[in-house]
Amino acid sequence: MNAHSSPRRRRLAGASALVAAGVLTALTVPSAALAAEGDTTIDILDVNDFHGRIESEGTAADKAAGAAKLAAVVQSYRESNPNTIFASVGDNVGASTFTSLIQQDAPTIDALNAMDLDVSAIGNHELDKGQDDLTGRIEDRAQWPYVSSNIVEAGTTDPAFTPWSIVERGGVKVGFIGATTEDLIPGLVSPGGVQGLAMAPIVGQVNRYADELTDGKADNGEADVLVLLVHEGATTGALADATGTGAFGKITSGVSSKVSAIVSAHTHATYNHSIPGPDGTVRPVIQTGSYGVNYGHLQLTVGADKELKSITSEVQSVNGSTRVPADQTSVQEVSGIVTAAKAKADVEGAKKLGDITADLRRAVQSDRKTENRGGESVLGNYIAEVQRSATERQGSQVAFMNPGGLRTDMLFASSGAGDPDGQVTYKEAALVQPFANTLVTEDMTGQQIKDALEQQWQPDGLERPFLKLGVSDGFAYTYDPDAARGARITGMTLDGAPIALDDTLKVTVNSFLSTGGDNFAAFASGTNKADSGTVDLQAQVDYFVANPVVTPPSDQRAVGVVTTPVPAAGFQPGDEVSVALSSLVFSSDDPAAAGSVSVIAGDVLLAESPIDPTIVDKRDEQGRATLTFTVPEGTVATPADARASALAVAPTATAPTVTTDEPLVVTLPNGQTITLAVTVPIETAAEPTDPTDPTDPTDPGTPGAGDPTAPGAGLPADGTGTGTGTGTGDVDGDGVADGVRPGTAGGDLAFTGADLVAPGIAAGVLLLAGTLGLVLARRKRAEREATVLTD
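Residues numbered from 1 in each chain as written. Predicted model: local features only at pLDDT ≥ 70, side-chain atom pairs only at ≥ 80, totals over all residues. Heavy atoms only, no water.

> Help me out: how do you make sense of the overall build of the protein chain in this one?
Of the regular secondary structure elements, the protein chain holds 14 helices and 32 strands. Within the span of the protein chain, comprising 791 residues, buried residues form 56% of the whole. Residue pairs in contact within the protein chain that sit at least 24 positions apart in sequence constitute 74% of those at least 6 positions apart. (Helix = DSSP H or I, 4+ residues; strand = E, 2+ residues; numbered from the N terminus. Buried < 20%, exposed > 50% of the residue type's maximum accessible area, 1.4 Å probe, protein only. Contact = heavy atoms within 4.5 Å.)

> Looking at this model, I keep getting lost on helix α8 (residues 329-349). Mind explaining?
Between its terminal C-alpha atoms α8 stretches 30 Å, which fits the 30 Å expected from 21 residues at 1.5 Å a residue. Contact partners of the buried residues in α8: α1 (67-80), α2 (98-101), α3 (106-114), β17 (423-425) and α10 (426-432). (Expected span 1.5 Å × (residues − 1).)

> Explanation requested: the pattern of salt bridges in the structure shown.
Side chains carrying opposite charge are able to pair once their charged atoms draw close together. For the coordinates displayed, the defined rule picks out 27 salt bridges. Its salt-bridge partner being R388, residue E392 comes within 3.4 Å of it at the nearest N-O pair. By relative accessible area, R388 is classed as buried at 12%. Residues R485 and D460 are paired through a salt bridge, measuring 2.9 Å at the closest nitrogen-oxygen approach. Of the two residues, R485 is situated in the loop between β20 (475-479) and β21 (489-494) and D460 in the loop between α11 (446-454) and β19 (470-471); the sequence distance between them amounts to 25 residues. On the basis of relative accessible area, R485 is assigned to the partly exposed category, the value being 46%. Here D460 falls in the exposed class, since its relative accessible area comes to 69%. Among the charged side chains, a salt-bridge network with shared partners connects D359, R361, R362, E371, R373 and D409. (Salt bridge = Lys/Arg side-chain N within 4 Å of Asp/Glu carboxyl O.)

> I'm lost on empty space enclosed by the protein in this one. Help?
Unfilled space is identified by rolling a water-sized probe across the atoms. Applying the stated rule across the entire model yields one cavity of 30 Å³ or more. Space inside the largest cavity adds up to approximately 110 Å³. What lines the largest cavity is a set of 17 residues, among which G375, S377, P403, L406 and K468 lie closest to the centre. (1 Å grid on protein atoms, 1.4 Å probe; cavity = no way out; pocket = protein on both sides within 12 Å on 5 of 7 lines; lining within 4 Å. Points joined across faces, edges and corners; volume = space filled by probe spheres on them.)

> Explanation requested: the pairing of strand β16 (residues 398-401) in the structure shown.
It is a general feature of regular strands that their side chains alternate between the two faces of the sheet. Burial of β16 is two-sided: the residues V398 and F400 facing one way and the residues A399 and M401 facing the other way are all buried. As judged from the two bridges shared by β16 and strand β23 (residues 504-510), these two strands associate in the parallel manner. Residue A399 lies in a different strand from β23, and its bridge partner there is T508. Relative to β19, β16 is paired through two bridges, and the arrangement is antiparallel. Of the residues in β19, the one forming a bridge with M401 is G470. (Pairing = 2+ DSSP bridges.)

> Can you help me understand the packing of α1 against α8 in this one?
Orientation of α1 relative to α8, taken along the N-to-C sense of each, is 165°, at an axis distance of 8 Å. For the element pair α1 / α8, the angle class is roughly antiparallel. The handedness of the crossing between α1 and α8 is right-handed. Along the contact surface, α1 presents A67, A68, A71, A72 and Q75, while α8 presents S330, V331, V334, S335 and V338. When its residues are assigned to classes, the contact of α1 with α8 shows seven nonpolar, three polar and no charged. (Axes fitted to C-alpha atoms, helices over the stretch in contact; angles between N-to-C directions. Parallel < 35°, antiparallel > 145°, perpendicular 65-115°, else oblique. Left-handed = near helix turned anticlockwise from the far one by under 90°. Nonpolar A, V, L, I, M, F, W, Y, C, P; charged D, E, K, R; others polar.)

> Could you clarify how one ought to interpret the sheet that holds strand β14 (residues 308-317) in this entry?
For sheets, the rule is that strands pair by backbone hydrogen bonds, running either parallel or antiparallel. Taken together, six strands build an open sheet; the order of strands is β4-β3-β2-β1-β13-β14 and the sheet is mixed. If you trace the sheet from one side to the other, it starts and ends with β4 (146-147) and β14, each paired once. As paired strands, strand β3 (residues 119-121) and β4 are joined by two bridges and run parallel to one another. When the sheet's bridge partners are listed, S120 is paired in β4 with Y146.

> Sorry if this is basic, but what is going on with the packing of aromatic side chains here?
For any pair of aromatic rings, the description consists of the separation of the ring centres together with the inter-plane angle of the planes. Across all of its chains, the model carries eleven aromatic pairs by this definition. With centroids separated by 5.9 Å and ring planes inclined at 75°, the aromatic side chains of Y77 and Y295 adopt a geometry described as edge-to-face. Of this pair, Y77 sits in helix α1 while Y295 is found in strand β13 (residues 294-302), placing the two residues 218 residues apart along the sequence. Assigned by exposure class, Y77 and Y295 land together as buried. Taking 5.5 Å as the distance between ring centres and 50° as the angle between the ring planes, the aromatic pair formed by F98 and Y426 counts as tilted. Placement of F98 in helix α2 and of Y426 in helix α10 is noted, with a sequence separation of 328 residues between them. By the burial criterion, F98 is buried, and Y426 matches it. The structure contains a cluster of three or more aromatic residues connected by ring pairs, namely F400, F475, Y477, F520 and F523. Cation over ring: R53 sits above Y291, and NZ or CZ is 3.9 Å from the ring centre. (Phe/Tyr/Trp six-rings, centres within 6.5 Å; stacked < 30°, edge-to-face > 60°. Lys NZ or Arg CZ within 6 Å of the ring centre and 35° of its normal.)

> Got a minute to help me understand the nonpolar core in this structure?
Inside soluble globular proteins, nonpolar side chains tend to come together where they are buried. Ranked by size, the top nonpolar core spans 42 residues in total, and within it A67, L70, F86, M115, L127, I151 and V334 carry the most contacts. Of all the secondary-structure elements, those providing two or more residues to this core are β1 (40-47), α1, α3, α4 (131-141), α5 (184-188), β8 (197-199) and α8. Leaving out residues up to four positions away in the same chain, M115 has contacts with A67, L70, A71, V74, R78, F86 and V334. Formed by 31 residues, the second largest nonpolar core is a distinct cluster that contains I102, L379, A399 and Y426. (Core = buried A, V, L, I, M, F, W, Y, C linked by side-chain atoms within 4.5 Å.)

> What is the right way to look at the side chain of S256 in this model?
Structurally, S256 is set in the loop between α7 (247-254) and β10 (259-264). Looking at S256, the relative accessible area reads 15%, which means it is buried. Setting aside its immediate chain neighbours within four residues, S256 contacts N207, A210, P278 and R283.

> I would appreciate a short explanation of the environment of A36 in the present structure.
Within the element layout of this structure, A36 appears in the segment before β1. Taking relative accessible area as the criterion, A36 reaches 41% and is therefore assigned partly exposed.

> What should I look at first to understand α3 in this one?
Counting along an α-helix, one turn takes 3.6 residues, and residues three or four places apart therefore face a common direction. Across the nine residues that make up α3, a large majority, eight, are buried. Every buried residue of α3 is listed here: A106, P107, T108, I109, A111, L112, N113 and A114. Phi turns positive, to about 55°, at D116, one or two residues after α3.

> Looking at this structure, how should I read the sheet that holds strand β25 (residues 549-550)?
Pairing is mixed across the open sheet formed by three strands, whose spatial order is β17-β15-β25. Since the sheet does not close on itself, it has two edges, and those belong to β17 and β25, each with one partner. When strand β15 (residues 352-356) meets β17, the two strands line up antiparallel, connected through three bridges. Counterpart to K352 in the pairing with β17 is T425. Packing against the sheet, helix α13 (residues 536-546) makes contact with β15, β17 and β25, and its axis sits at approximately 65° to β15.

> Got a minute to help me understand the environment of Q143 in this structure?
Tracing the sequence through the fold places Q143 in the loop between α4 and β4. Residue class for Q143 comes out partly exposed when judged on its relative accessible area of 27%.

This is the structure:
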């Protein structure tokens, strides 16, 4: 196959030879002037996962420097050594920030053209909009070749794109073989956009072309040195993650030693390793992180016989570079491209997306100004629902949003002339989520979701000890703030149905969380991962199209609870019970509107208390209340046989009273209800009906009497957290589950019976149900055995 020919430069192709050990990041690489007579020194600069970061995001060494500063670094190397090559390892476009995104990354492609990019691997984001978009819009504008050897025509090993490209400098032909993560199809892009394509093993395809480019047959191209540009990488900067039996370890150990260096990408990790190839020869294996924060530098010394004599490597900060080019032409060209793109983005950014009826705010600290990433927020929950909605066609059921990804509030008030109250513009939405993460779906078990929620409590010693995840509509959970690490989450529901630990749900997170960002390792453990290609900002745009007016969600999707431990025989009349609740209000709300909380059992109001809105810094405990009451005196439970006789009375007779176990139901000021996994005996009047009537609500055989296949199967029948109750909980036939009041969006919080509770603490656990209603069989105390849930 012939090498790709650029409109701007001639590309040639190459072979490999002996390699020397890579060097540490801080190494000062010898200059071209130190090479022996007849030697050629070649500098190869590279970036990976640039993702359209054309604007500077600051001057610190760990910030994206922007395209102009990157252009200055590249130009300075070219001035000191004309034998300089500039390469990319893919994902130049896609997941871009607003300035580039709004013009479909045309400014990024133009900036890289102005920097004279020589060659790029194909990353997964180059295919976000399908193969036709890559071979048409992107490649038509780009003035460099895209290469990948292992994206093949389905059913063959024939590459669908140019597999390699050669760049000649100083008479030396450097061959760049491209490769793309094998997870591309079917996991990382929309299947419809890559029909007819498949993935071949990276190692086999790279070795195939390494052989062809060094076999001496000019028809196939001939290279003096080979470099692999592979859009795959180690998950961290640790050497162990770049070796061993993992996907990337198989590449570093299996790719032919004819390849002198492996330049990697995709995982946004930063490393500079020296790893032996199959024949034991050590070679550099590097990745620069992402966003143009760093650049990679390989320096090759090639003898007059075209044999590679040495190779060194380093990874350096772009902002940290002190290199300044004498010729500013290319830098000024890039700066002009960025300036024009920003001006265009400002115009587009002023366009209206939709309206909001009130503020969508992040949580705040006790000064009511500083952001609190540990608090549940209206904005976090809203964005999570936006992202679930955006991936609903992929089957998404639940979405989670990291608080650090929300950089400002979405405010109702006008920002100035031309921006009426309630209007949300493109720019305002972009400022909320400026990182241009894409949305990733994955399958997670209930256990993995629980693990992710447990990881909100961060590792010890961090400045932010707790990071509150935003959660989408319909998902809710409870926690015990006093429990031990790993045992705090006590129940989870989706649309009112309990989530068991062995259930599997389709979950959406952004690309940052999907790789375990912010110490949420559980999100990296999901299966069947698929990158939707949808940027988080685009998800907001689409959501406003479907919902032109957005009302902020007001329901709490996580509530903390600690209750008085339930005695072995259950609570008895006269017992003192205390229920301590937390996370009942949003810290951004007006504290004067906190209101009060009440608890009932059946129709009996047991206690009421004002909610303390005092904010707990760095945590989610604001909105606390303690409800304390005495279990009311009532009739001693009637034995089952006597009960049946008592009910068999004439319709005109006085209805007897019976004592039933009623769950404690907490009601918040907004009408949202919380049903505890705790019951108390309450005396109620029994309907004088035939005890054999299957609709008799006091019949111990109805609802909750054990059919595991019936609706609600697996839910507790007795309020202790261990039953197998069934039915709807609509005891009085009014169409509403008894003990549960209509809730707000996202569902009421109620007992579910999800087996997440460690032995011995079931009494203090609050579990969630929601709009499916309370599924609790009302049995006589004499029929209930005190038990606890087990993990």
